[in-house]
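What follows is the residue order along each chain.
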Amino acid sequence: MRLLVTGGAGYIGSVVVARLLEEGHDVTVLDDLSKGHRDAVPAGARFIQGRIHDAALVIEGAGFEVVVHLAASSLVGESVEHPAKYEENNVLGTARLCNAMQTLGVNKIIVSSTAAVYGVPDVAIITEETETAPVNPYGSSKLTIDNDLALRTQAGEFAAISLRYFNVAGAYGSFGERHRPETHLIPTALEVAMGQRASLTIFGDDFPTPDGTCVRDYIHVLDIANAHVLAMAALEIGQHDIVNLGNGSGFSVQGVVEAVRNVTGHSVPTEIGPRRAGDPGVLVTSNERARAHLGWIPEHPDVTTMVDDAWRFVQERGA
Ligand code: UFG
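Residues numbered from 1 in each chain as written. Predicted model: local features only at pLDDT ≥ 70, side-chain atom pairs only at ≥ 80, totals over all residues. Heavy atoms only, no water.

Before going further, it helps to spend a moment on the site of the ligand. Close to the ligand lie 21 residues, the nearest being Asn167, Leu185, Thr201, Arg276 and Asp279. Asparagine 167 is positioned with one of its side-chain polar atoms (N or O) 2.9 Å from an oxygen atom of the ligand. Protein chains shield 89% of the accessible area of the ligand, which is 680 Å² for the free molecule. The greatest single-element share of the shell around the ligand, amounting to 4 residues, is contributed by strand β8 (residues 200-203). Of the residues in the shell around the ligand, the class split is 12 nonpolar, 6 polar and 3 charged. A domain-level breakdown of the shell around the ligand finds at least three residues from each of domain 1 (2-168 + 219-246) and domain 2 (185-216 + 249-289 + 298-317). (Near = heavy atom within 4 Å. Polar contact = N/O pair within 3.5 Å; in protein donor to acceptor, adjacent residues only side chain to side chain. Areas by Shrake-Rupley, 256 points an atom, 1.4 Å probe, with all protein chains shown as cover. Helix = DSSP H or I, 4+ residues; strand = E, 2+ residues; numbered from the N terminus. Nonpolar A, V, L, I, M, F, W, Y, C, P; charged D, E, K, R; others polar. Domains from an automatic or database assignment.)

Moving on: the side chain of glutamate 128. Checked against the element boundaries, glutamate 128 lands in the loop between β5 (108-114) and α5 (137-155). You can call glutamate 128 buried: its relative accessible area is 13%. A polar contact of 2.8 Å, which involves the side chain of glutamate 128, links it to the backbone nitrogen of asparagine 244. The residues touching glutamate 128, leaving out its near neighbours within four places in the chain, are Tyr118, Ile242, Val243, Asn244 and Arg289. (Buried < 20%, exposed > 50% of the residue type's maximum accessible area, 1.4 Å probe, protein only. Contact = heavy atoms within 4.5 Å.)

Moving on, we get to the domain arrangement of the protein. If you check the domain split of the protein, you get domain 1 (2-168 + 219-246) and domain 2 (185-216 + 249-289 + 298-317). At the interface, 23 residues of domain 1 touch 15 residues of domain 2. Carbon and sulfur atoms make up 56% of the surface buried where domain 1 meets domain 2, a total of about 1,700 Å² over both sides. Three residues stand out in domain 1 for area buried against domain 2, namely His220, Asp223 and Gly246, and they jointly supply 28% of the buried area on that side. One can count 3 salt bridges joining domain 1 with domain 2. Where domain 1 packs against domain 2, one counts 10 residue pairs in polar contact (both at pLDDT 80 or more). Looking at the side of domain 1 that touches domain 2, the elements with two or more residues in it are β10 (218-220), α7 (221-231) and β11 (240-245). Top element by residues in the side of domain 1 that touches domain 2 is β11. It accounts for 5 residues. Taken together, the residues that form the side of domain 1 that touches domain 2 break down as 12 nonpolar, 7 polar and 4 charged. (Buried area = accessible area lost by both parts, 1.4 Å probe. Salt bridge = Lys/Arg side-chain N within 4 Å of Asp/Glu carboxyl O.)

The next point concerns unusual backbone geometry. With a phi angle near 60°, leucine 33 is a residue other than glycine that sits in the positive phi range. Tracing the sequence through the fold places leucine 33 in the loop between β2 (26-31) and β3 (46-49). Of the residues examined, leucine 33 reaches a relative accessible area of 23% and is grouped as partly exposed. Despite not being glycine, valine 268 has its phi angle at roughly 50°, a positive value. Mapped onto the elements, valine 268 comes out in the loop between α8 (253-264) and β13 (270-273). For valine 268, a relative accessible area of 1% gives the class buried.

Quick look at the side chain of serine 79 now. Relative to the elements of secondary structure, serine 79 occurs in helix α3 (residues 76-81). Overall, the relative accessible area of 0% leaves serine 79 in the buried class. Separated by 2.6 Å, the side chain of serine 79 and the backbone oxygen of valine 76 make a polar contact. Within the local environment of serine 79, its side chain forms a polar contact with the backbone nitrogen of tyrosine 138, the two atoms lying 3.1 Å apart. For serine 79, the contacting residues outside a window of four places in its chain are Tyr86, Asn136, Pro137 and Tyr138.

Across the sheet, which stays open at both edges, the 3 strands sit in the order β12-β9-β14 with mixed pairing between neighbours. Each having just a single partner strand, β12 (251-252) and β14 (282-283) make up the two edges of the open sheet. Relative to β14, strand β9 (residues 215-216) is paired through 2 bridges, and the arrangement is parallel. When the bridges of β14 are listed, valine 215 appears paired with valine 282. (Pairing = 2+ DSSP bridges.)

Further remarks concern the sheet that holds strand β4 (residues 66-69). Strand order in the open sheet made by the 7 strands is β3-β2-β1-β4-β5-β6-β11, with parallel pairing throughout. Looking along the sheet, the strands with just one partner apiece sit at the ends: β3 and β11. This sheet shows a mean twist of 20° between the axes of neighbouring strands, independent of strand direction. Relative to β4, strand β1 (residues 2-6) is paired through 4 bridges, and the arrangement is parallel. Within β4, the position partnered with threonine 6 by the bridge is histidine 69. Across the face of the sheet, helix α1 (residues 11-22) comes into contact with β1, β2, β4 and β6 (159-165) while running at roughly 165° to β2. The strands touched by α5 within the sheet are β5, β6 and β11, with β5 carrying the most contacts at an inclination of about 155°. (Axes fitted to C-alpha atoms, helices over the stretch in contact; angles between N-to-C directions.)

The following block contains the structure:
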């Protein structure tokens, strides 16, 4: 199929594009390179540098059948400091993109959503039925987008699937995480292992979890990309489906650090710091709907595999 992938120069986007190309799709990437990297766009994809707000210029006459929309601002902390940026880039940008699609006759979209829409849930295992109650502007912007997609699909000739990612990790071939500055747990711990940072600060050890540190549902970026490949076949006009993507099991921060020590053979010193604002203690999702609606089966559920792949990636890049 002829596809437009927004954000295809980013971490997750580059892996999604790589998998779509492997499946034989014709892919055009639209990315403004505000966070992504030109050399992260897999060979074989067409590249256009630009904003999703101007997507009409790219869509007109191009014959796209589906848009895979990953372009977004996605840092929780930044969203608290700069909520207007999240309103502008995520909410308004996505509305412009969808308006352009509908005006120009492209009626299918797969959109990146997030666990952050659930806020601080009081259930052990989240499902798509769990109440949405975001606690930061990032989660709120993604929930607004999901709600807007529901209205657009109810109103007529439009199909949408929101994929709500939990904690994405790992690498695929030459595509991996290259954020500057890095804030995510696994790449930050790998920077400590490489001697680029003295130690890792663990944000709180007084959570109601077995070892007191936060528990997250880590999901391999290749499994995330495969969900996008499968979602393509699940799009139905008039339907907006919401699907959580996780493994259904949690790892604590201490557990992840232990995996990093085992994989790298380095000591990875840690220190305990205060809790980070807005961090829920536990975020783990059921993946029953993903299995039922998409036929998705996560193939790399072990956090050690994710750390192993990420470690190989940073070593190969010498980053
Ligand atoms: N953590 C540390 N020290 C660090 C970095 C992280 O202890 O230096 C902890 C965090 O407190 C958290 C866990 O490691 O408990 C994972 O943190 P990340 O920053 O790697 O990921 P988040 O869970 O904060 O964020 C992810 C996605 C967001 C999404 C969010 C939903 O990256 O896009 O899940 O909750 F919004």
